[in-house]
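Coordinates in review
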Amino acid sequence: MWKHHNIKPIFWSVWFVLAILTLVTSLSSTYLLIWTVLFFLVLIYASFDIRLGYFLKSYYRNKNEQSRRVAITFDDGPSEFTPEVLDLLRTYNAKATFFLIGKQIQKFPNLAKQLLAEGHSIGNHTMNHSNRFGFLNAEQVLQEINSCDAVIYETLLLKTRFFRPPFGVTNPSVAVAVKDSGDLMIGWSIRSLDTVLSHGESIYQRIIKKLKPGDVILLHDTSEKSIFALKKLLDYLAKEKYTCVTVDELLNLQAYEF
Ligand SMILES: [Zn+2]
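Quick caveat, the model's predicted, so the values are computed rather than measured. Counting restarts for each chain: residues are numbered from 1 in the order of the written sequence. Only residues with pLDDT of at least 70 are given local features in this predicted model, and only at 80 or more are side-chain atom pairs given and counted; all residues enter the totals for whole chains, interfaces and linings. Heavy atoms throughout the structure, all of them, feed into the side-chain values; hydrogens and water do not.

Here we take up the overall build of the chain. The helix and strand labels rest on DSSP assignments: H or I over at least four residues marks a helix, E over at least two residues marks a strand, and numbering proceeds from the N terminus. The helix and strand inventory of the chain stands at 10 helices and 11 strands. Put simply, the chain has 258 residues, and 51% of those count as buried. Contacts between residues were defined by any pair of non-hydrogen atoms, one from each residue, lying within 4.5 Å. Across the chain, contacts joining residues at least 24 apart in sequence account for 77% of those joining residues at least 6 apart. Only the protein chains shown count as cover for residues, with accessible areas throughout obtained via the Shrake-Rupley method and a probe of 1.4 Å. When the accessible surface of the chain is totalled, it reaches about 13,000 Å², and 59% of it is carbon and sulfur. Charge centroids of the chain, computed over 28 positive and 24 negative side chains, lie 7 Å from each other. Only protein chains enter the calculation, and the probe is 1.4 Å; a residue is then buried if its accessible area is under 20% of its type maximum, exposed if over 50%, and partly exposed in between. His is not counted here, nor are the chain ends, while Lys and Arg score as positive and Asp and Glu score as negative. Note on charges: their place is set at NZ of Lys, CZ of Arg, CG of Asp or CD of Glu.

Right, let's get into the coordination of the zinc ion. Summarising the metal site, the zinc ion is bound by the protein donors Asp76 (OD), His125 (NE2) and His129 (NE2), whose distances to it range over 2.1 Å. The rule for donors is simple: an N, O or S atom within 2.8 Å of the metal counts, and for Na, K and Ca the reach is 3.2 Å. Water is not among the atoms, so a site may look short of donors. Mapped onto the sequence, the residues coordinating the zinc ion show the spacing D-x48-H-x3-H. With a gap of 53 residues between them, Asp76 in the loop between β2 (69–75) and α3 (82–91) and His129 in the loop between β4 (121–124) and α6 (138–156) connect regions that are remote in the sequence. Just as Asp76 is buried, His129 falls in that class too.

So, about the UniProt feature "transmembrane region" (unreviewed entry) in the chain. UniProt positions are given in the numbering used here, feature names are shortened, and annotations may be inferred rather than shown by experiment. Per the UniProt annotation, the sites labelled "transmembrane region" (unreviewed entry) are residues 9–27 and 33–54. Secondary structure within residues 9–27 divides into 84% helix and 0% strand; the distance between the first and last C-alpha atoms comes to 22 Å. As annotated, residues 33–54 comprises 68% helix and 0% strand, and the C-alpha atoms at either end are separated by 23 Å.

Regular strands have side chains that alternate between both faces of the sheet. For strand β3 (residues 96–100), the buried fraction is high: 5 of the 5 residues fall into the buried class. The alternating pattern of β3 places Ala96, Phe98 and Leu100 and Thr97 and Phe99 on opposite faces, both of which are buried. Strands are treated as partners if at least two bridges between them are detected by DSSP. The pairing of β2 with β3 spans 4 bridges and is classified as parallel. Across the sheet, Ile72 pairs through a bridge with Ala96, a residue of β3. Handedness of the β-α-β unit built from β2, α3 and β3 comes out right-handed. Where β3 and β4 come together, 4 bridges link them in parallel fashion. Residue Leu100 lies in a different strand from β4, and its bridge partner there is Asn124. Assignment of crossover handedness uses the view with strands pointing away from the viewer, where a clockwise path from the first strand over the helix to the second indicates a right-handed crossover.

Before going further, it helps to examine helix α7 (residues 172–181). Each full turn of the α-helix corresponds to 3.6 residues, which orients residues three or four apart in the same direction. All of the buried residues in α7 are Ser173, Val174, Ala175, Ala177, Val178 and Ser181. Elements that come into contact with the buried residues of α7 comprise α6, β6 (162–163) and β7 (184–186). Its side-chain oxygen at 3.0 Å from the backbone nitrogen of Ser173, Asn171 defines the N-terminal cap of α7. Directly beyond the C-terminal end of α7, a positive phi value near 80° is found at Gly182. We define a polar contact as two N or O atoms separated by no more than 3.5 Å, with the added condition that, inside protein, one atom must be a possible hydrogen donor and the other a possible acceptor, whereas residues neighbouring each other in sequence contribute only through side-chain atom pairs.

Now for the UniProt feature "domain: NodB homology" (unreviewed entry) in the chain. According to UniProt, the "domain: NodB homology" (unreviewed entry) feature falls on residues 68–248. Along residues 68–248 the backbone is 45% helical and 18% strand, and the end-to-end C-alpha distance reaches 16 Å.

For the rest of this paragraph, the subject is the domain arrangement of the chain. Residue ranges assigned to each domain were obtained from an automatic or database domain assignment. According to the domain assignment, the chain contains domain 1 (4–47) and domain 2 (58–257). Measuring from the centre of the C-alpha atoms in domain 1 to the corresponding centre in domain 2 gives 37 Å.

What counts as a ring pair is set by centres within 6.5 Å for rings of Phe, Tyr and Trp (its six-membered ring), and what kind of pair is set by the plane angle: stacked under 30 degrees, edge-to-face over 60, tilted for all other angles. Inspection of the entire model under this criterion finds 10 aromatic pairs. For the pair Phe11 and Trp12, a centre-to-centre distance of 5.0 Å together with 70° between the ring planes defines the contact as edge-to-face. Of the residues examined, Phe11 reaches a relative accessible area of 3% and is grouped as buried. Both rings, one in Phe11 and one in Trp35, keep their centres 6.1 Å apart while their planes meet at 15°; by these two values the pair is stacked. Pair noted here: Phe11 is in helix α1 (residues 4–24) and Trp35 is in helix α2 (residues 30–47), with a separation of 24 residues, a long-range link.

Printed below as a string of structure tokens:
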């Protein structure tokens, strides 16, 4: 029910009724203004919480997880920090999913090949990771997805079905583009805020505070503090008898088109 395609017609119906009443009766235009502002607040809130799936269904955790499995995901790589991440994952026999930026794959093609060869999964995280991503139109979003897909194909000879929008932003343009591309939108249930918090310890504490089986954890393979948090997290997960698997395994999805 609480999806954009249901809410939008309700919004416009009420808006037109209020507009007519404002014009033909003495109803204050304030009601029309409040209703419009309320709708935009809903849109802004929904844009920043990918778990709501307000604009398009997103896959972000396995609610029915029976065993103690979680999926760690890394956005924005590959980067010069990725080898250290791969070493840690190998040490703890953990598998992860990397949402790669096309431009970064062009810089580090061998790292992209290596993480795939080591049994990790990959997804599309756009070609340029534009800071203006939330303001792109559907055609531009699709172009970002397609360009990244092309680089992935040139480098790794496969087509991923996983897409994660930069900053987790969703809106009507992203929804149209992702539907067109036929990808699955992958979110997260635990946001580490590792690009915001200053210390690895606070990143680690934030993750384990709410951690439960079936969770998808968001990290970035782009800084030392994230690597610090990852090491502590992998230690913790091993002690608590968790298994780290790829998103496709945890959510029972097919990661690639063949
Ligand atoms: Zn990102």
